[in-house]
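One letter stands for each residue in the lines below.
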Amino acid sequence: MTVEGSTMRILAVLGSPRGMRGNTGRLLEEVLKGIRAEGAETDLVSLSEAKVGPCLGCDNCHKRGHCPIDDDFEGIKTRMMACDGLLLASPNYIFNVSAQMKAFMDRCCGPIHCLALEGKYGAVVETSGGGGDEEVLDYMQRFVGALGASSVGGIGSPIAGIRTFPQESDLFEAARGMGRELCRSIRERREYPEQDSARRAFGERMKSLVMHMKDFWTYEYEYWQRRGRL
Ligand SMILES: Cc1cc2nc3c(=O)[nH]c(=O)nc-3n(C[C@H](O)[C@H](O)[C@H](O)COP(=O)(O)O)c2cc1C
């Protein structure tokens, strides 16, 4: 599947310390099958291998547009900026994403201020030991929206054992379906009007924050100016 003549690329970021051998990796595998069935390319970042440390709050991303921490984040950010769709997958760790995924999300503070994925699409995947899936899926979908992207959907489930799930064949079919829907949304440039008002309100919030901090956060101020939004 192509987007404006080039092959569609989906970046998947997996936050489980067990990588693709874990439960979340198993469910993600099915979503990736759906994506590949649509002819799109997948690019996988497993935070069990890639090093992404916690944000140090130095504001360099706001001031200069890059993170000075010497790890894999800037490389992943480049891949994220080049993708057509973003897929996030995390286990449920105490009602939230894993620390690895949260570190990645926090490091995206600069891209969030710039709504850097505006016009792109995202989807999310989660697994839990015993439920509470919706609140983690909602949180990850909110993150996708904060990057400026449209959220196509989320799939989550408690486990039934190691890498097994209740009603597994239905779950896996839905997971592959979500992968296909992500690609079709990108290809058809689908609109999600129910997300518009939240995205607009968040965008206004980011704009006034960047305006307020314009003497300090020069990179972000100039970025918004270049986009003709100030
Ligand atoms: C530190 C930690 C915290 C967890 N917290 C929860 C939780 O709050 N609720 C829940 O249902 N499962 C919880 N679990 C279970 C995992 O969400 C579940 O086993 C998940 O499928 C693991 O995915 P993985 O194999 O991809 O890492 C927790 C597991 C760990 C290790």
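Residues numbered from 1 in each chain as written. Predicted model: local features only at pLDDT ≥ 70, side-chain atom pairs only at ≥ 80, totals over all residues. Heavy atoms only, no water.

A. How the structure looks around the overall build of the protein. Helix and strand counts for the protein stand at nine helices and seven strands. Along the three orthogonal principal directions, the C-alpha set of the protein runs to about 55 × 35 × 30 Å. For the protein, the distance from the average position of its 30 positive side-chain charges to the average position of its 32 negative side-chain charges is 3 Å. (Helix = DSSP H or I, 4+ residues; strand = E, 2+ residues; numbered from the N terminus. Lys, Arg positive; Asp, Glu negative; His and termini not counted. Charge placed at Lys NZ, Arg CZ, Asp CG, Glu CD.)

B. Spatial organisation of helix H7 (residues 168-188). Under the 1.5 Å per step criterion, the end-to-end length of H7 is 30 Å for 21 residues, consistent within 8% with the ideal 30 Å. The set of residues buried in H7 consists of Leu171, Phe172, Ala175, Gly177, Met178, Gly179, Leu182, Cys183, Ser185 and Ile186. After H7 finishes, the residue Arg189 shows a positive phi value of roughly 50°. (Expected span 1.5 Å × (residues − 1). Buried < 20%, exposed > 50% of the residue type's maximum accessible area, 1.4 Å probe, protein only.)

C. Focus on the side chain of His113. Note that His113 resides in helix H5 (residues 109-113). Judged by its relative accessible area of 6%, His113 falls in the buried class. Aside from chain neighbours lying at most four places away, what touches His113 is His62, Met206, Leu209, Val210, Trp217, Glu220 and Trp224. (Contact = heavy atoms within 4.5 Å.)

D. Molecular detail of the pattern of salt bridges. Taken as a whole, this structure holds 20 salt bridges when the rule is applied. Taking the shortest distance from any N to any O, the salt bridge between Glu30 and Arg26 comes out at 2.8 Å. With Glu30 and Arg26 both in helix H1 (residues 23-37) and four residues apart, this pair spans about one turn of that helix. The two residues Glu30 and Arg26 agree in class, both being buried. Residues Glu181 and Arg190 are paired through a salt bridge, measuring 2.6 Å at the closest nitrogen-oxygen approach. One salt-bridge network, held together by shared partners, links Arg26, Glu29, Glu30, Lys33, Arg163 and Arg176. (Salt bridge = Lys/Arg side-chain N within 4 Å of Asp/Glu carboxyl O.)

E. How the structure looks around the environment of Glu181. Within the secondary structure, Glu181 is located in helix H7. Assessed through its relative accessible area of 30%, Glu181 is described here as partly exposed. For the pair Glu181 and Lys120, spaced 61 residues apart in sequence, the C-alpha separation works out to 13 Å. The contact partners of Glu181, leaving out residues within four places of it in the chain, are Val152 and Arg190. Within the local environment of Glu181, its side chain forms a polar contact with the side chain of Arg190, the two groups lying 2.6 Å apart. (Polar contact = N/O pair within 3.5 Å; in protein donor to acceptor, adjacent residues only side chain to side chain.)

F. Looking closely at the nonpolar core. With 37 residues, the main nonpolar core has Val13, Leu88 and Phe104 as its most contacted residues. Breaking this core down by element, the ones donating at least two residues are strand S3 (9-14), helix H3 (73-82), strand S5 (85-91), helix H4 (99-107), helix H6 (133-146), helix H8 (193-212) and helix H9 (218-226). By residue number, the principal contributor to this core is H6, which donates six residues. Each residue touching Leu88, except ones within four places of it in the same chain, is listed here: Val13, Met101, Phe104, Met105, Ala123, Val124, Val125, Met140, Phe143 and Val144. (Core = buried A, V, L, I, M, F, W, Y, C linked by side-chain atoms within 4.5 Å.)

G. Examining the packing of aromatic side chains more closely. According to the stated counting rule, one finds four aromatic pairs in the structure shown. The interplanar angle of 65° and the centroid separation of 6.4 Å between the aromatic rings of Tyr121 and Tyr192 together place this pair among those described as edge-to-face. With Tyr121 in strand S6 (residues 121-128) and Tyr192 in the loop between H7 and H8, the pair connects residues that are 71 residues apart, well separated along the chain. Relative accessible area serves as the criterion here: at 13%, Tyr192 is assigned to the buried category. Geometrically, the ring pair formed by Phe165 and Phe172 is edge-to-face, given 5.9 Å between the ring centres and 70° between the ring planes. Taking relative accessible area as the criterion, Phe172 reaches 6% and is therefore assigned buried. (Phe/Tyr/Trp six-rings, centres within 6.5 Å; stacked < 30°, edge-to-face > 60°.)

H. Broad picture of H8. When the terminal C-alpha atoms of H8 are compared, their 29 Å separation across 20 residues agrees well with the 28 Å that a helix rising 1.5 Å per residue should span. Within H8, burial applies to Gln195, Arg199, Phe202, Gly203, Met206 and Val210.

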